[in-house]
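Tertiary structure, described
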Amino acid sequence: MPDPRRAIPRTDAVLAEPRVAKAAGTLGRDLVKAVVIEVQTAARQGEIAPGDVVDVVLARLPASAASLRPVVNATGVVVHTNLGRAPLSAAALDALVAAGGATDVEFDLATGERARRGRGALAALAAAVPDAGGVHVVNNNAAALLLCALALAPGREIVVSRGELVEIGDGFRIPDLLASTGARLREVGTTNRTSVRDYAEAIGPDTGFVLKVHPSNYLVTGFTSEAALGELAGLGVPVVADIGSGLLAPHPLLPDEPDAASALRAGATVVTASGDKLLGGPQAGLLFGAADVVERLRRHPAARALRVDKLTLAALEATLRGPKAPVREALDVSADSLQRRADLLVRAWDGIDARVVPSVAAVGGGGAPGVELPSVAVSLPARYAGALRTGEPAVVGRIERDRCLLDLRTVRPEEDATLREAVRRCG
Ligand SMILES: *Cc1c(COP(=O)(O)O)cnc(C)c1O
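Residues numbered from 1 in each chain as written. Predicted model: local features only at pLDDT ≥ 70, side-chain atom pairs only at ≥ 80, totals over all residues. Heavy atoms only, no water.

**A word on the overall build of the protein chain**
Operational definition: Note on conventions: DSSP H or I runs of at least 4 residues are helices, E runs of at least 2 residues are strands, and numbering of each starts at the N terminus. The buried label applies to any residue whose accessible area, calculated with a 1.4 Å probe on protein chains only, is under 20% of its type's maximum; exposed applies above 50%, and partly exposed to all values in between. Any two residues whose heavy atoms approach within 4.5 Å are treated as being in contact. Under the convention used here, a 1.4 Å probe and the Shrake-Rupley method define accessible areas, while residue burial counts only the protein chains that appear. Charge counting follows a simple rule: Lys and Arg are positive, Asp and Glu are negative, and His as well as the terminal groups are ignored. Every charge is mapped to an atom, namely NZ of Lys, CZ of Arg, CG of Asp or CD of Glu.
Looking only at helices and strands, one finds 18 helices and 17 strands in the protein chain. By principal-axis analysis of the C-alpha atoms, the protein chain measures approximately 95 × 55 × 40 Å. Looking at the 427 residues of the protein chain, the share that counts as buried comes to 46%. Considering only contacts in the protein chain between residues 6 or more positions apart, those separated by 24 or more positions represent 73%. With the model as given, the accessible surface of the protein chain reaches about 20700 Å², and the carbon-plus-sulfur share is 53%. Computed over 48 positive and 49 negative side-chain charges, the separation of the two mean positions in the protein chain equals 4 Å.

In structure tokens:
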């Protein structure tokens, strides 16, 4: 009897099969070859029939050459750190693709000469915050703070309230980040109360700047007080305000969330913020402030190590100039439209134990703690959670009282059809 393993198609033959060859064109030959070898091994061990090798290879091929997979965020957490924070707008995605090849990021096509890197994004940022004399973009808000410490407080003191020594996440702490530059932290006040006098008494010839950090992922309530930015601005030293979430102007739903324009008007010398939280753009650190100070930051040698790539600049500019980013849509969407979408979905899931329930969404991503956004979810049996999470595309909801909730505030309307089919497949 012939050895059935002889019937297993050879690697070259599988790779030459038209559908496999086409996949190798988009995924890369090495990646596809590795899957072919894995499937041949399984066939040799008798786990797969030799005749099924090509089909199994095609089924096992990933959707893209990178391992990051698209996820429908149905958690109800608008800025979800573990899901990559802000989803980009269609305009930002188009800008990314356009900038992906060779692009005029540092070149003036009209004159054929070198031009200021990222001038379009910087102009958009300046236009969005007219109170800023200068603007600059770095890798993230942590990098913005690092640059402030390096350029404005080398070997000197940064005066900061004990109530604002923030751990950002994943074990990283702003005080450690600042101290790593060699600047010394001068802590003032107490956890719950810090007055402008506490700052004033600590300020001296060694002061580099006063730092005001927005407590973005926790609340200090009860017997509390803090010095206002306006008061600190009168102390005669630069004031750096880390507003965290990146609101450029006040937002009516988030009255306690600081914004760049108001912070500058209150007298902050420099404002730092993230690009991928409430602004809804790519990961970036935004710096706004007095023109001469921002120029010092921009010229510091470390600025080169913290600079952003052309993709970030492209996506940031499109976020600022283009239509409302998904994060802002999720904040501003009406409860009525969420209800309508939920009704339509549940009606489409004939025979599935699905119902529409009220839900409470959150801003998340270290922003607006305690703010509850009224929302609407579809509720499914708990077993759906795992099946949806491991599906293609993945859908991540949350478990509440032994039900799988898919909160529609964080699902974009154009994702409803995807959600509808994903649930059907698990039904
Ligand atoms: C999120 C946050 C940071 C860190 O910002 P990244 O952009 O993640 O580096 C720093 N400070 C505050 C107040 C924040 O909310």
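**A word on the pattern of salt bridges**
Short version of the rule: Salt bridge, as applied in this entry: a Lys or Arg side-chain nitrogen positioned within 4 Å of an Asp or Glu carboxyl oxygen.
In total, this model carries 27 salt bridges according to the counting rule given. Taking the shortest distance from any N to any O, the salt bridge between Arg173 and Glu167 comes out at 2.7 Å. With relative accessibility at 43%, the residue Arg173 sits in the partly exposed group. Through salt bridges with shared partners, a single network forms among Glu106, Arg114, Arg117 and Arg307.

**Quick notes on the pairing of strand E12 (residues 285-289)**
Threshold: At least two bridges found by DSSP between two strands is the condition for calling them paired.
The element E12 is extensively covered by neighbouring structure, given that five of its five residues are classed as buried. Of the two faces of E12, the one carrying Gly285, Leu287 and Gly289 and the one carrying Leu286 and Phe288 are both buried. The sheet contact formed by strand E4 (residues 134-138) and E12 spans five bridges and is antiparallel. Residue pairing in the sheet places Val135 in a bridge with Phe288 of E12. Direction of pairing for strand E11 (residues 270-274) relative to E12: antiparallel, over a ladder of five bridges. By the bridge assignment for E12, Thr272 is matched with Leu287.

**Quick notes on the packing of helix H16 (residues 335-348) against helix H18 (residues 416-426)**
We count it as follows: Fitting a line to C-alpha atoms yields each axis, with helices limited to the stretch in contact; the angle taken between N-to-C directions then spans 0 to 180 degrees. Should an angle fall under 35 degrees it is called roughly parallel, over 145 degrees roughly antiparallel, and 65 to 115 degrees roughly perpendicular, with every other angle called oblique. We call a crossing left-handed when the near helix sits turned anticlockwise from the far one by less than a right angle, and right-handed when that turn is clockwise. We call Asp, Glu, Lys and Arg charged. Ala, Val, Leu, Ile, Met, Phe, Trp, Tyr, Cys and Pro are nonpolar, and the rest, Gly among them, are polar.
Two elements in contact, H16 and H18, have axes separated by 10 Å at closest approach and are oriented at 30 degrees. Between H16 and H18, the angle is such that the two are roughly parallel. H16 and H18 meet at a crossing whose hand is right-handed. When H16 is examined against H18, the residues Arg341, Leu345 and Ala348 are found in contact with a partner set consisting of Asp416, Leu419, Arg420 and Arg424. Across the contact of H16 with H18, the residue classes tally to three nonpolar, no polar and four charged.

**Considerations on the side chain of Thr410**
Note the cut-off: Within 3.5 Å is the distance limit for a polar contact, defined as a pair of N or O atoms, with the added protein rule that one can donate a hydrogen and the other accept it, and that residues adjacent in sequence qualify only through two side-chain atoms.
With respect to the element layout, Thr410 can be found in the loop between strand E17 (403-407) and H18. We classify Thr410 as buried; its relative accessible area is 10%. Here the side chain of Thr410 touches Asn73 through a polar contact of 2.8 Å, landing on its backbone oxygen. In contact with Thr410, not counting residues within four places along its chain, are Asn73, Ala74, Thr75, Gly76, Val77, Val78 and Glu415.

**A short note on the domain arrangement of the protein chain**
Defined as follows: Where each domain begins and ends is defined by an automated method or by a domain database.
Segmentation of the protein chain into domains returns domain 1 (4-60), domain 2 (71-84 + 327-426) and domain 3 (90-322). Taking only C-alpha atoms, the centre of domain 1 and the centre of domain 2 are 37 Å apart.

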